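# Working through the structure, step by step
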Amino acid sequence: PFVFAAALDAKVIDPNKVIDCEGGKWNLRGKTIRDTHPYRWLSANRVLRYSSNIGTAKIGLALGAQPLYTTLRKLGFGLRPGLEIPSESPGMLRQPKDGGEFDTAAISFGQGIGVTGLQIVKAYLTLANFGVTKPLKLVLDPTQETSGASERVFSEGTAKTVLSMMREVVEEDGTGKAAKLPGVTIAGKTGTAQKASGGSYGAGNVASFAALVPGEKPEVVIF
């Protein structure tokens, strides 16, 4: 969703822009990017709904390596989340000069980048806050809002558009439809990360799901 938001702000895409997803297999720079299910032509909102690696990679490439890196950095990837708890990790986010075209494509759909759950929550908190970052807090029974540095990463209109696209993930026939609840709108996104094994990717996966509730004006982010 963060790549989509950056691309929407840069006017690289709109939700209805049609993208060739290559029938589920795309060769780029001598390497192959695959989708779990073969798709050909998908609008951008359906690329997100069906979680197409190929479609997302093409959006990331159209956005460009430096704008992609700048956006992810503003969201907190590659940085410690700031809770000051033991073993807080900055993850891994390489600068554009350290990679090539394939690296940009892979980072767009979540490979070639290392992230933690806290970083993901912080990034989704920015979407839930309509494009403005908020500091993470570790609290028990919070009684009042605490102040902290904030930065606008996406326009409010873009954030609302992406939330609408994320609602399709749950409410339509998207990858998160199992999270649908009667009477509650949910903006969600599934994640599937391949486990590293012996210097490459192995057969195991780590599955994740992020939910922003209610889906139009989130009050809760669950990961």
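First, a word on what this report is: a plain description of the structure on this page. (Residues numbered from 1 in each chain as written. Predicted model: local features only at pLDDT ≥ 70, side-chain atom pairs only at ≥ 80, totals over all residues. Heavy atoms only, no water.)

Its 12 residues give helix H6 (residues 117–128) an end-to-end C-alpha distance of 16 Å, which sits within 8% of 16 Å, the value for a rise of 1.5 Å per residue. When H6 is considered as a whole, its buried residues turn out to be Gln119, Ile120, Lys122, Ala123, Tyr124, Thr126, Leu127 and Ala128. Contacts made by the buried residues of H6 are with helix H1 (2–9), helix H4 (65–75), helix H7 (156–171), strand S5 (187–197), strand S6 (200–213) and strand S7 (220–222). Immediately downstream of H6, the backbone of Phe130 shows phi near 60°, a positive value. (Helix = DSSP H or I, 4+ residues; strand = E, 2+ residues; numbered from the N terminus. Expected span 1.5 Å × (residues − 1). Buried < 20%, exposed > 50% of the residue type's maximum accessible area, 1.4 Å probe, protein only. Contact = heavy atoms within 4.5 Å.)

Looking now at helix H5 (residues 101–108). For H5, the tally of buried residues reaches 6 of 8 residues, placing the bulk of the element in the interior. Along H5, the residues classified as buried are Phe102, Thr104, Ala105, Ala106, Ile107 and Ser108. For H5, the secondary structure elements touched by its buried residues are H1, strand S2 (25–28), strand S3 (31–34), helix H3 (53–63) and H4. Phi turns positive, to about 105°, at Gly110, one or two residues after H5.

With the exception of glycine, most residues fall at negative phi, and the peptide bonds are largely trans. A cis amide bond, omega -15°, links Val213 with the succeeding residue Pro214. In this structure, Pro214 sits in the loop between S6 and S7. Of note in this structure, Glu22 is not a glycine but carries a positive phi near 60°. Even without being a glycine, Phe130 presents a positive backbone phi close to 60°.

This next bit is on the sheet that holds S7. Ordered in space as S5-S6-S7, the 3 strands form an open sheet in which the pairing is antiparallel. Whereas interior strands pair on both sides, the edge strands pair on one side only; in this sheet they are S5 and S7. Adjacent strand axes in the sheet meet at a mean angle of 20°, parallel and antiparallel pairs treated alike. Across 10 bridges, the pairing between S5 and S6 is antiparallel. (Pairing = 2+ DSSP bridges. Axes fitted to C-alpha atoms, helices over the stretch in contact; angles between N-to-C directions.)

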